[in-house]
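So you can see what is in the structure, the chains are spelled out below.
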Amino acid sequence: MEVYSNENEQVDALKSFFAQNGKALAIGVIIGIGALAGWRYWSSHQDSGSRETSAAYQQVSTALDSSKPETLTAAAKFADSNSNTYGALASLDLAKRYVDNNELDKAAAQLQNGLKATKDANLQAVLNLRLARVQLQQKQPDAALKTLDAVKGEGWTAIIADVRGEALLSKGDSKGAREAWSKGIASNASPALKEMLQMKMNNLPG
């Protein structure tokens, strides 16, 4: 399974994080069923130090290029030096590039570091979902299932069900996968996501 396949119907990567008038305005987590407004909590408290951190994050994030190791090194240094949401965002971006390079162990490590750096539940959910997908690609379904247990919030029900079904199917548990995807279909998900889950169920053996 490709970790970043069907991104328009599953969890998309964090698209942008930028400062305007000293305020970070966006954590754009695109789920294919709408946008997660994770940016709202920054709107009232940005000081000059955080503006500088935001600008530094923008710089390393924009420069990231999987074919240029020096940009990965710079992003890793930034993430290690910032135990805050900016550092977590850098870890998320960096993990994507490591997946591009098929360096899954490094991707998982970055996502785990990002989880330690932020206390925001929405960003933690994205990091955990990404980590679960990486663990699936590492052929570690049990670890992926454990990671999914850390994702909280009704808004994630269908996405969790999607990944959980993939993990169970990889363990040979077709019944469990069907039950997981059925739960996703029964949730308050978008028609597109429900259709994708139904297609997966239709392709199950038996």
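This is a predicted model, so every value here is computed, not measured.

How each quantity is defined
- Residues numbered from 1 in each chain as written.
- Predicted model: local features only at pLDDT ≥ 70, side-chain atom pairs only at ≥ 80, totals over all residues.
- Heavy atoms only, no water.
- Phe/Tyr/Trp six-rings, centres within 6.5 Å; stacked < 30°, edge-to-face > 60°.
- Helix = DSSP H or I, 4+ residues; strand = E, 2+ residues; numbered from the N terminus.
- Buried < 20%, exposed > 50% of the residue type's maximum accessible area, 1.4 Å probe, protein only.
- Polar contact = N/O pair within 3.5 Å; in protein donor to acceptor, adjacent residues only side chain to side chain.
- Expected span 1.5 Å × (residues − 1).
- Arc of directions from axis to C-beta.
- pLDDT = per-residue confidence, 0-100.
- Contact = heavy atoms within 4.5 Å.
- Axes fitted to C-alpha atoms, helices over the stretch in contact; angles between N-to-C directions.
- Parallel < 35°, antiparallel > 145°, perpendicular 65-115°, else oblique.
- Left-handed = near helix turned anticlockwise from the far one by under 90°.
- Nonpolar A, V, L, I, M, F, W, Y, C, P; charged D, E, K, R; others polar.

Caption draft 1: Expanded view of the packing of aromatic side chains. What the rule picks out here adds up to 2 aromatic pairs. An angle of 45 degrees between the planes, with centres 6.3 Å apart, marks the rings of Tyr57 and Phe78 as tilted. With Tyr57 in helix H1 (residues 48-63) and Phe78 in helix H2 (residues 69-81), the pair connects residues that are 21 residues apart, well separated along the chain. Ring geometry for Tyr57 and Tyr86: centres 6.5 Å apart, planes at 55 degrees, overall tilted. Of this pair, Tyr57 sits in helix H1 while Tyr86 sits in helix H3 (residues 85-100); the two residues are 29 residues apart in sequence, bridging distant segments of the chain. Summarising the burial analysis for this pair, Tyr57 and Tyr86 share the class buried. These aromatic residues form a ring-pair network of at least three members: Tyr57, Phe78 and Tyr86.

Caption draft 2: The side chain of Thr85, seen in detail. Along the chain, Thr85 falls in helix H3. For Thr85, the side chain forms a polar contact with the side chain of Thr118, separated by 3.3 Å.

Caption draft 3: Summary view of H2. Between its first and last C-alpha, H2 extends 18 Å over 13 residues, near the 18 Å set by a 1.5 Å rise per residue. Buried within H2 we find Thr71, Leu72, Ala75, Ala76, Phe78 and Ala79. Seen along its axis, H2 keeps its buried residues to an arc of 160 degrees; they face one direction. Of the exposed residues in H2, those oriented more than 90 degrees away from the buried face are Pro69, Glu70, Thr73, Lys77, Asp80 and Ser81.

Caption draft 4: Structural view of helix H8 (residues 174-186). Taking 1.5 Å of rise per residue, the 13 residues of H8 would be expected to cover 18 Å, and the 18 Å separating its terminal C-alpha atoms lies within 8% of that figure. Taken as a whole, H8 has its buried residues at Gly176, Ala177, Ala180, Trp181 and Gly184. Buried residues along H8 cover an arc of 125 degrees about the axis, so they all sit on one side. Exposed side of H8, more than 90 degrees from the buried face: Lys175, Lys183 and Ala186 are the residues found there.

Caption draft 5: Looking closely at the confidence of the model for the chain. Confidence in the prediction of the chain, expressed as mean pLDDT, is 78, and 76% of residues score 70 or more. Mean pLDDT across the elements of the chain bottoms out in strand E3 (residues 28-30) (32) and peaks in helix H6 (residues 141-148) (97). Counted against residues more than four places away or in other chains, residues 1-48, with its pLDDT under 50, gives 110 contacts.

Caption draft 6: Summary view of the packing of H8 against helix H9 (residues 191-202). The interhelical angle for the contact between H8 and H9, taken along N-to-C directions, is 160 degrees, at an axis separation of 9 Å. The angle between H8 and H9 places the two elements in the roughly antiparallel class. The two elements H8 and H9 cross, and the hand of that crossing is left-handed. Facing H8, whose interface residues are Arg178, Trp181, Ser182, Gly184 and Ile185, H9 presents Lys194, Leu197, Gln198, Lys200 and Met201. Residue composition of the contact of H8 with H9, grouped by class: 4 nonpolar, 3 polar and 3 charged.

Caption draft 7: Inspection of unusual backbone geometry at higher detail. Positive phi is not limited to glycine here, since Asn102 has a value of about 60 degrees. The residue Asn102 is located in the loop between H3 and helix H4 (104-117) in this model. Notably, Lys139 is not glycine yet its phi reads approximately 65 degrees, a positive angle. Its location among the elements puts Lys139 in the loop between helix H5 (121-137) and H6.

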